[in-house]
Amino acid sequence: MGITTKTFGEWLSADAKEFIEDIKRHKALYESNEDNAYIASVGTLVLRLKNELFGETIVFEVESYGTTKNNMLAVDAFVMEPTPEGGYRRCSNPLEPEKKWKMSSVISPKQFQEPLVKGALFEASYEIQLHQKHLDELLKIKLSTYRNVQESFLDHLNRLGNTLLAHATEEIFGNDVEKTISTKFFDRQDILDQEYISKYTKLESQFKQLQEKEETYNQRLKELSEKQIQWMQLLDKIDRHMQLENDNEEELEQQLYPWESEKAVEMLQSLLYHNSEDDLVYDEVTIEMFLRALQTNTLVILSGPSGTGKSSLVTGTANAIKGAKAKIIPIQSGWTDTQDLIGYFNPIDKSFVATPFMEALADAAREEDHLHLICLDEMNLAHVEHYFSEFLSIREQKKQYIQLYNKRFYLQAKEIIEHGDDGLNREQLFAAQELIERFPYRFEIPQNVRFVGTINMDHTVKSLSPKVIDRSFVIEVDHIDAKEKVEIEKKLNENKKSGYIDVSLEQFDSFYHIKHAFEKEAQALVDISHQLESITNASLNSRGKKQIGLYLDHVPNQKLTKSLLEKYYDQLIMTKILPRIEVSQRDDQSMSIVSNFHQSLLNYPRSAKKLGKMLENKRIVRFW
């Protein structure tokens, strides 16, 4: 690397000092729209770096790597320079010395087979892209020329750790660290091999004994009478019930916290973090919107990029509430109707073939006192209104039920159970009993069920229809800023809480206020949305007003002051109004309306920031 003996810092402070100062002045003028010389001058800087300092290749340190949405390999790396001691160190950005200089590149995995390791060094040539505006974008790593850079173990410690760590390692292992460690490793490996051989021989003997016992057991089963088989099945049921009781006792041993509406969000945030091995971190606004939306018993849609913890928010919430259950249902792209979601009736066997979704509903019906969250994971892989349309409609009815099959099959099953039928085998009797007990022809949706959906938005999924958005609370779950995450974790670790919130379904559903306590405030938000009424489906209707009213009825405040009202309006604009906006950038009239609406959101920072990002879309202004 390099064509000069000068260090990067020496080159910047000597040869390029005046040139760098000129570029910084051009940059300041460029940012204030007074000068366009910045782009050309940065391009010249890159050429000078190549001709006077780096040469054709640069040594890089792998910072991170991963797969993009288009299944391309993306690599970010620090620019490195040699040190007088023979190692390498990171270079500062020439224009922003307080930052380390990074470059990136994207390549097809088929064209790149090298094993990537964070912190590893590699050498590669690079390309200049003069049409870019920023230094990090002007240079692009040519990953096709990737070549590993070998360094000693001590040099690696010096670079990634510090000199004290390297010196301490040298004192323990001597000058030839690699040789000493390798010798100790192989010595230890010989001991481990002997231990593994001994353990394997012992396990092999035990396995043979188990096989012999299993054969004896199977033989005895064949010799059992019908009556003995019935007794064995009965004992098996007793064992399962005892296991369930033991599980409940273990749950009761966990710390229980009383339900307090005023502290529910803070408590849930702590339990999400401390109950999980994954240390789930969500900001309070996301948690509050999710909790209030669940309390309204409306479909909740969690939107956001992969890896933000959407489904974990569902399971974590269930794990934080005593007795609650969560069931994740993966949606398939080929689903076209309700049968794909719930299952079908088999007229030959006279049995109902239930899907995991329908099994979850039946389980919830048997535990009416406990909250059940049923999550449709990646729900927009198929058209939601095709397979979920029946549920969207019945959620607004007083009696919420779905028809699983023809009533006459149910009556036949009832007749069999009540009067018996000697001509039927055990499977047929079981099918009839299951129709009566778990899957009646008219299945009522249990009141303890809450439906949640998670969505990603890319070219492989279906867009959400206005009908779905209108009947949902859409909550964005995004990556948390690193600084904010550290602050949240610090607060959570200062007041550690794990266990369960002890809340009955009645308490969870109950209004903090009387129903319709904030009718006036709900109408005011509907009036705010009417600024968008000339845009199709954008303004709120009577259904939206009802949902907003239910949301506000659950917030734990006796009176909504101006600041509190702005806080909750911000949440509701985010979840109920912004997802309804979809406007082409070519539609000048609609764009003017949306821009004016954006200006009116000054008191609602979260919504204003989101709409600002939406307006940056080059073709269509929309939430996703």
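This text goes with the structure placed above it.
Because the structure is predicted, anything quoted here is derived from the model rather than measured.

Colleague: Would you take a moment to explain the overall build of the chain for this structure?
Modeller: Each helix and strand in the chain was counted, giving 25 helices and 20 strands. Scored against the burial criterion, the 624 residues of the chain give a buried share of 41%. Partitioning the intrachain contacts of the chain with sequence separation of at least 6 by distance along the chain shows that 74% fall at a separation of at least 24. Total accessible area on the chain stands at roughly 35,600 Å², and carbon and sulfur atoms take up 49% of it.

Colleague: What am I meant to see in the environment of Pro109 here?
Modeller: Here Pro109 lies in the loop between strand S4 (102-107) and strand S5 (121-128). Residues in contact with Pro109, not counting those within four places in the same chain, are Asn71, Met72 and Leu73.

Colleague: Explanation requested: the packing of aromatic side chains in the structure shown.
Modeller: Aromatic ring pairs are reported here in terms of the distance separating the ring centres and the angle at which the planes meet. Counted according to the given criterion, the structure contains 19 aromatic pairs. Between Phe122 and Tyr146 the ring centres are 4.6 Å apart and the planes differ by 20 degrees, which places this aromatic pair in the stacked class. Here Phe122, found in strand S5, pairs with Tyr146, found in the loop between strand S6 (139-141) and strand S7 (147-148); they are 24 residues apart in sequence, far enough to count as distant. Of the two residues examined, Phe122 and Tyr146, each falls in the buried class. In this structure, Arg48 is placed above the aromatic ring of Phe19, and the distance from its NZ or CZ to the ring centre is 5.2 Å. In this structure, Lys576 is placed above the aromatic ring of Phe473, and the distance from its NZ or CZ to the ring centre is 5.3 Å.

Colleague: Explanation requested: empty space enclosed by the protein in the structure shown.
Modeller: In this approach a probe as big as a water molecule rolls over the atoms, and the regions it shows empty are the leftover space. Under the definition given, this model contains three cavities of 30 Å³ or more. Here the largest cavity defines a volume of roughly 60 Å³. Considering the residues around the largest cavity, the lining is formed by Ile321, Lys322, Gly323, Ala324, Asp369, His370, Leu371, Val503, Ser504, Leu505 and Phe508. Taken together, the residues of the lining of the largest cavity break down into six nonpolar, three polar and two charged. Its volume calculated, the second largest cavity comes out at about 50 Å³.

Colleague: When you look at the sheet that holds strand S16 (residues 449-455) in this model, what are you seeing that I'm missing?
Modeller: Within the open sheet, the five strands sit side by side as S10-S13-S16-S9-S17. Their pairing is parallel. Two strands bound the open sheet, and with one partner strand each, they are strand S10 (325-330) and strand S17 (472-476). Each neighbouring strand pair of the sheet contributes to a mean axis angle of 20 degrees, computed without reference to strand direction. In this fold helix H11 (residues 310-320) packs onto strand S9 (299-303), S10, strand S13 (372-377) and S16, with an angle of close to 155 degrees to the strand it touches most, S10.

Colleague: What is the right way to read the nonpolar core from this model?
Modeller: Here is a general trend for soluble globular proteins: nonpolar side chains tend to be buried in one another's company. Of all hydrophobic cores here, the largest spans 116 residues; its most connected members are Phe357, Leu361, Tyr387, Phe388, Phe391 and Phe451. Once residues lying within four places of it in the same chain are set aside, the contact partners of Phe388 are Leu299, Leu341, Phe357, Leu376 and Phe451. Residues Trp11, Met103, Leu116 and Ile141 belong to the second largest nonpolar core, which totals 35 residues.

Colleague: What is the right way to read the pairing of S13 from this model?
Modeller: Sheet faces and side chains relate simply in a regular strand, where the side chains alternate between the two faces. With five of six residues buried, S13 lies mostly within the body of the structure. Direction of pairing for S10 relative to S13: parallel, over a ladder of six bridges. In the sheet register, Pro330 faces S13, and the bridge partner there is Asp377. With five bridges connecting them, S13 and S16 associate as parallel partners. The partner of His372 across the bridge, within S16, is Val449.

Colleague: Sorry if this is basic, but what is going on with the environment of Arg89 here?
Modeller: With respect to the helices, strands and loops of the structure, Arg89 is situated in strand S3 (residues 88-90). Of the residues examined, Arg89 reaches a relative accessible area of 36% and is grouped as partly exposed. Remark: the alpha-carbon pair of Arg89 and Val79, spanning 10 residues in sequence, is separated by 8.5 Å. Look past the residues within four positions of Arg89 in its chain and what remains in contact with it is Thr7, Val79, Met80, Glu81, Thr83 and Pro84.

Colleague: Just to check I follow, could you spell out the pairing of S5 for this structure?
Modeller: Where burial is concerned, most of S5 is hidden: six out of the eight residues are buried. Note: strand S1 (residues 57-67) against S5, five bridges, orientation antiparallel. By the bridge assignment for S5, Glu61 is matched with Leu121. Here two bridges tie S5 to S7, and the two strands are oriented antiparallel to one another. Residue pairing across strands places Glu123 opposite Arg147, the latter belonging to S7. Across three bridges, S5 lies against S6 in antiparallel orientation. Among the inter-strand pairings, Ile128 is bridged to a residue of S6, identified as Leu139.

Colleague: I tried to follow helix H25 (residues 605-615) on my own but got confused; where do I start?
Modeller: Residues that lie three or four places apart on an α-helix share one face, since the helix turns once every 3.6 residues. Among the residues of H25, those classed as buried are Ser607, Ala608, Lys610, Leu611, Gly612, Met614 and Leu615. The secondary structure elements touched by the buried residues of H25 are S17, helix H23 (562-577), helix H24 (588-599) and strand S20 (620-622).

Colleague: Quick question: what am I supposed to make of the packing of helix H10 (residues 284-295) against H23 here?
Modeller: Each packed pair of helices is defined by two parameters, the angle between the axes and the distance between the axes. Their axes nearest at 11 Å, the elements H10 and H23 cross at an angle of 75 degrees. Classified by the angle between their axes, H10 and H23 sit roughly perpendicular to one another. Taking contact as the criterion, the partners of Val285, Glu288 and Met289 in H10 are, on H23, Lys567, Tyr568 and Gln571. Classifying every residue of the contact of H10 with H23 gives three nonpolar, one polar and two charged.

Colleague: What is the right way to read the side chain of Glu476 from this model?
Modeller: Within the secondary structure, Glu476 sits in strand S17. A polar contact is formed between the side chain of Glu476 and the side chain of Lys610, at a distance of 2.7 Å. Dropping the residues within four chain positions of it, Glu476 is found in contact with Thr286, Ser303, Met574, Lys610 and Phe623.

Colleague: Can you help me understand the pattern of salt bridges in this one?
Modeller: All chains considered together, the criterion is met by 23 salt bridges. Linking Arg147 and Glu123 is a salt bridge whose minimum nitrogen-to-oxygen distance equals 2.9 Å. Separated by 24 residues along the polypeptide, Arg147 in strand S7 and Glu123 in strand S5 bring together distant segments of the chain. For Arg147, a relative accessible area of 46% puts it in the partly exposed group. When the shortest N-O distance is used, the salt bridge between Lys263 and Glu260 registers 4.0 Å.

Colleague: Would you take a moment to explain the packing of helix H22 (residues 542-554) against H23 for this structure?
Modeller: Where H22 contacts H23, the two axes come as close as 11 Å, and the packing angle between them is 140 degrees. Here H22 is positioned oblique relative to H23, judged by the angle of their axes. As H22 runs across H23, the sense of the crossing is right-handed. Judged by residue contacts, Gln547, Ile548, Tyr551 and Leu552 of H22 engage Tyr568, Gln571, Leu572 and Lys576 from H23. By residue class, the composition of the contact of H22 with H23 is five nonpolar, two polar and one charged.

How each quantity is defined
Per chain, residue numbering runs from 1 following the sequence as it is written. Given that this is a predicted model, residues contribute local features only at a pLDDT of at least 70 and side-chain atom pairs are listed and counted only at 80 or more, while totals for whole chains, interfaces and linings are drawn from all residues. Working from all heavy atoms in the structure, the side-chain values ignore hydrogens and water. Helical segments are the DSSP runs of H or I of at least four residues, strand segments are the runs of E of at least two, and each set is numbered from the N terminus. Exposed residues in this analysis have more than 50% of their type's maximum accessible area, buried residues have under 20%, and partly exposed residues fall in between, with area computed by a 1.4 Å probe over protein chains only. Note on contacts: a residue pair qualifies if any of its non-hydrogen atoms lie within 4.5 Å across the two residues. Surface accessibility follows the Shrake-Rupley procedure with a 1.4 Å probe radius. Residue values consider only the protein chains on display as shielding. Any two rings among Phe, Tyr and Trp, with Trp reduced to its six-membered ring, count as a pair given centres within 6.5 Å; such a pair is stacked if its planes are under 30 degrees apart, edge-to-face if over 60, and tilted if neither. Remark: a charge is flagged as sitting over a ring if the NZ atom of Lys or the CZ atom of Arg is within 6 Å of the ring centre and within 35 degrees of the ring normal. Points on a 1 Å grid over protein atoms alone make up a cavity when a 1.4 Å probe fits among them but cannot get out, and a pocket when they form an open set with protein on both sides within 12 Å along at least five of seven lines; lining residues each have an atom within 4 Å of a point. Grid points are joined across faces, edges and corners, and a volume is the space filled by probe spheres set on the points. Residues are sorted three ways: Asp, Glu, Lys and Arg are charged, Ala, Val, Leu, Ile, Met, Phe, Trp, Tyr, Cys and Pro are nonpolar, and all the rest, Gly among them, are polar. By the convention used here, strands pair only if DSSP detects at least 2 bridges between them. Note on geometry: axes are lines fitted to C-alpha atoms, helical ones only across the stretch in contact, with angles between N-to-C directions running from 0 to 180 degrees. Within this scheme, the nonpolar core is defined by two criteria: the residues are buried Ala, Val, Leu, Ile, Met, Phe, Trp, Tyr or Cys, and they are joined through side-chain atoms within 4.5 Å. If an angle is under 35 degrees, it is roughly parallel; if it is over 145, roughly antiparallel; if it lies from 65 to 115, roughly perpendicular; otherwise it is oblique. Under the rule applied, a polar contact is a pair of N or O atoms within 3.5 Å (in protein, one hydrogen donor and one hydrogen acceptor; residues adjacent in sequence only if both atoms are side-chain atoms). Basic side-chain nitrogens of Lys or Arg form a salt bridge, by our definition, when they fall within 4 Å of a carboxyl oxygen of Asp or Glu. The hand of a helix crossing depends on one turn: near helix anticlockwise from the far one by less than a right angle means left-handed, and clockwise means right-handed.

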